[in-house]
Amino acid sequence: MVFVCVGTLPKLYVRSSTLTCTSLSSLSVPPRNAGTPVSVSQTRNPITIRLRKILGTNFTDEATTEALRTLSELYGTQSTVSASDSKAQINDPDSDHDWSDDDTDVVLAVQDHRECLNETASRARKNLRRDLENKLAQGSQQFLQAFSEVDQKLDELQNHVAAMRVACDEAETQLRLSSEASQSLLDRAESLRSEREEVEMRKSIVMLFLNRFTLSNEEAEAITSRDVPIGPRFFEAMNKTEHIRNDCRVLMSGEDGPTKAGLDIMASTSSYLEQGYEKIYRWCSFEFRQMGRDAQLEVDSTMQQAVRRLSQRPELLSEALAFLTQTRQTGLLSAFLDALTRGGPSGLPRPIELHAHDPIRYVGDMLAWVHQAIAAECEFLESLFGLGGAQEGDSRARRMVGAVRTFRGGEEEGWVKELLNSAVTKLCVPLKVRVQQTVRSQESSIVSYKVANLLQYYMLTMRRTIGEDALLSTTLSEITDVSYKVFFDAIEAHSRALLRISLDPDDPSLTPPLPILEHAQLLREIMQVYDSSLLDDTTAEPGPTFNRILDVMLDPAMEMCAAAAEEKARYRPQWDRAVFVLNCWCYLQNVLEAFEFTSEKRRTIQDKIDERVKLLEDEHYENILRDASLYDTVTIIKSKSPSDRLSHVLPAQQLQPTLARFSLWLSSPEVVHSPRLSALTSPSLHSTIHRVSLARVTKAYAQLCEEVRKPENRYEAASTLLGMERPFGQAGVLWAIFGLEEGSEEFAAD
């Protein structure tokens, strides 16, 4: 390895690896201390300056490192060859010296290697400039050789360029001559190009016009051909035809008026539309004929769209729907008769006429079947006309089950209403015949009422579903009227029979007789049926029909009780007819108490009971006065004239025994409980009548005391006369004895 220290580029100093540190130290300048002076001779010594420069050289610089590497590569080849030769000699197996056994040979080989390195370094110091100049000269020769080849190629290229320039000049001359010769052709071609562009633009405009205002062959075939079925392709062609007509109307409404092209377009599209509507009519008529015996009718979107388009031609739609009406009438009638006589598939459900012995189930099954058929038919028709729910911005929501159907007057709703009415027309006759036969054969009034009530329920349901003007609603209304007539005839006959019943003269009881109990039980059953089938829960008031039932059932019963009591009283004068009548009427009123819708009739009965109670209060009051020995005294006080003195009409000798007997009566049990009123079945009436009568007795006694105390009646020691017996001339004491409250509203009107 050779280290080269470069001071300046022209001069190169090579130091052998054999240079020791001792020699360097001997040559180097000793370090000076801070206080040691430096002489001028030492500072200007060239060797010292050189050594300092060499020793101060920075070998970590990239440029220096690269220069040393270049020198090493330049002179490293020769030293490597010499070293390899020495090593070959040492490792030569044919050598006569064995270096592994003789250390002297090794030392000699190392010394030879060092000498070779020293020679290389010495040669590098001596021949560096010359070697570098040789290298530069050699590189310059190579550059000159390369540039000579480039110069030769450039000469050839210049010759080619000159030849090309001559050829281009010739071509330009020929082109100018050709352009001058073909100028007329170019002008003609330019004019043709402009004309072609104008023709293309006109063609595109015409094509756009034809595409917008005419039908293609496929679209015309979809409308007119029988081979193309009704479907999306057909409806798209119909839509385009309608759009063409609408656009053409806009064009024809301009200032210039209608044009021949516009009239031709309108005529051709009108022909296509008519053919399309005829095709829809034939297809719908065929499809409607197939909807005969299908139990489950389904309407696809194609059928809905076809009917919606055909509605623009009402006359064609009417003819097509006529086939549907006939088909559905026949199908529903056949299905109804099968349900009556054959039943369902495989006999399930069983035939309806097997239950003819049970009138309620028989009539109910027939009406339920009709109602179910109408519901299915209505759903089919609504889907056919696209009225199944909110569609096309309609805010109408789907109708709830059982809700009143409102027809808003739309065209589609009119068709649905008419078709629904026509479809069930043939069901009216067999239904009416069977129901009337069943109703007229009933003997039980309660069964007749149940059937009539059932018919009324379905009549109201049908009115809500298909309207009041529908034929089926009218038929059900007639059947319901017949059923109610049969029922009213039955209960009127029962009421007339009740009026002819007389009471047993030997029966001393005052309770309602058995005919009244049976009649009330029949009325209770009728009210239970009405209550369980009340259609309108928003009001508790019954309709006129049920009010008539109450009048027919209750008025004869109440009349019978009063008339029979009067008749029996003639045979048994001691029999209490007033208590008997009140017991019967209160029993009838109690029968009505359980039903809120009888409030009006209960008020009517209560008014009649109040009248009877008033009469009984008067009788009971007179009886108490007689029992208390005050009747004659009270009669004298009321009948005397104002000019007469009471002491002359009723002397004190006669009044004192009367007051004594009244005091004795106050100690009897009749004051608390009346034996006559104990026969009343209503404890409240017993208590009310007795208390009112006692209050009237108290007021009569107070009037007696007041008349006795008046000075104009000339009683001597009036206070002593009244105070000898209870209640000692004090009305308040008598109120307390009777257990009554003076001034109570209960006795204010007496």
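For the structure itself, look to the data block above.
As the structure is a computational prediction, the values presented were derived from the model and not from experiment. (Residues numbered from 1 in each chain as written. Predicted model: local features only at pLDDT ≥ 70, side-chain atom pairs only at ≥ 80, totals over all residues. Heavy atoms only, no water.)

The next thing to look at is the overall build of the chain. A count of helices and strands for the chain gives 26 helices and two strands. A burial count over the chain gives 35% of its 750 residues as buried. When the accessible area of the chain is evaluated, it comes to approximately 45,200 Å², of which 53% is carbon and sulfur surface. (Helix = DSSP H or I, 4+ residues; strand = E, 2+ residues; numbered from the N terminus. Buried < 20%, exposed > 50% of the residue type's maximum accessible area, 1.4 Å probe, protein only. Areas by Shrake-Rupley, 256 points an atom, 1.4 Å probe, with all protein chains shown as cover.)

Another aspect to go through is the packing of helix α11 (residues 314-341) against helix α12 (residues 359-384). For the pair α11 and α12, the least separation of the axes is 11 Å and the interaxial angle reads 155°. The angle between α11 and α12 falls in the class roughly antiparallel. With respect to the hand of their crossing, α11 and α12 are arranged in right-handed fashion. Residues L324, R328, L332, A335, F336, A339 and L340 of α11 touch α12, and the partners they reach there are M366, W369, V370, A373, E377, F380, L381 and L384. A class-by-class count of the residues in the contact of α11 with α12 yields 13 nonpolar, no polar and two charged. (Axes fitted to C-alpha atoms, helices over the stretch in contact; angles between N-to-C directions. Parallel < 35°, antiparallel > 145°, perpendicular 65-115°, else oblique. Left-handed = near helix turned anticlockwise from the far one by under 90°. Contact = heavy atoms within 4.5 Å. Nonpolar A, V, L, I, M, F, W, Y, C, P; charged D, E, K, R; others polar.)

Glancing now at the side chain of T438. One can find T438 in helix α14 (residues 428-440). Relative accessible area serves as the criterion here: at 8%, T438 is assigned to the buried category. At 2.8 Å, the side chain of T438 forms a polar contact with the backbone oxygen of R434. For T438, the residues in contact, after removing those within four places along its chain, are P359, Y362 and V363. (Polar contact = N/O pair within 3.5 Å; in protein donor to acceptor, adjacent residues only side chain to side chain.)

Right, let's get into the packing of aromatic side chains. Tallied over the entire structure, the rule returns 17 aromatic pairs. Aromatic pair Y530 and F546: ring centres 4.3 Å apart, planes at 20°, arrangement stacked. Of this pair, Y530 sits in helix α17 (residues 514-532) while F546 sits in helix α18 (residues 544-571), and the two are 16 residues apart along the sequence. For Y530, a relative accessible area of 12% gives the class buried. For the ring pair Y530 and F597, a centre distance of 4.9 Å and an interplane angle of 65° mean the geometry is edge-to-face. Here Y530 is found in helix α17, whereas its partner F597 is found in the loop between α19 (577-593) and α20 (599-627), with 67 residues between them in sequence. Members of the aromatic cluster, joined through ring pairs, are Y449, Y484, F487 and F488. If you follow R626 out to its NZ or CZ, it ends over the ring of Y631, 4.2 Å from the centre. A cation sits over an aromatic face here: R696 above Y621, 4.2 Å from the ring centre. (Phe/Tyr/Trp six-rings, centres within 6.5 Å; stacked < 30°, edge-to-face > 60°. Lys NZ or Arg CZ within 6 Å of the ring centre and 35° of its normal.)

With that settled, consider the environment of I624. Looking at the secondary structure, you find I624 in helix α20. Residue class for I624 comes out buried when judged on its relative accessible area of 4%. Not counting residues within four places of it along the chain, the set of residues in contact with I624 comprises W665, H690, S693, L694 and V697.

Let us look at the pattern of salt bridges. For the structure on display, the rule yields 25 salt bridges. Across the pair E377 and R328 runs a salt bridge whose closest N-O atoms are separated by 3.1 Å. One end of the pair, E377, is in helix α12; the other, R328, is in helix α11, with 49 residues separating them in the sequence. Judged by its relative accessible area of 6%, R328 is buried. (Salt bridge = Lys/Arg side-chain N within 4 Å of Asp/Glu carboxyl O.)

For the rest of this paragraph, the subject is the nonpolar core. In terms of nonpolar packing, the biggest core is built from 127 residues, with F288, L384, F385, L472 and I526 touching the most fellow members. A total of 13 residues in this core trace back to one element, the largest contributor, which is α18. Once residues lying within four places of it in the same chain are set aside, the contact partners of F385 are V307, L317, L321, E412, W415, V416 and L419. (Core = buried A, V, L, I, M, F, W, Y, C linked by side-chain atoms within 4.5 Å.)

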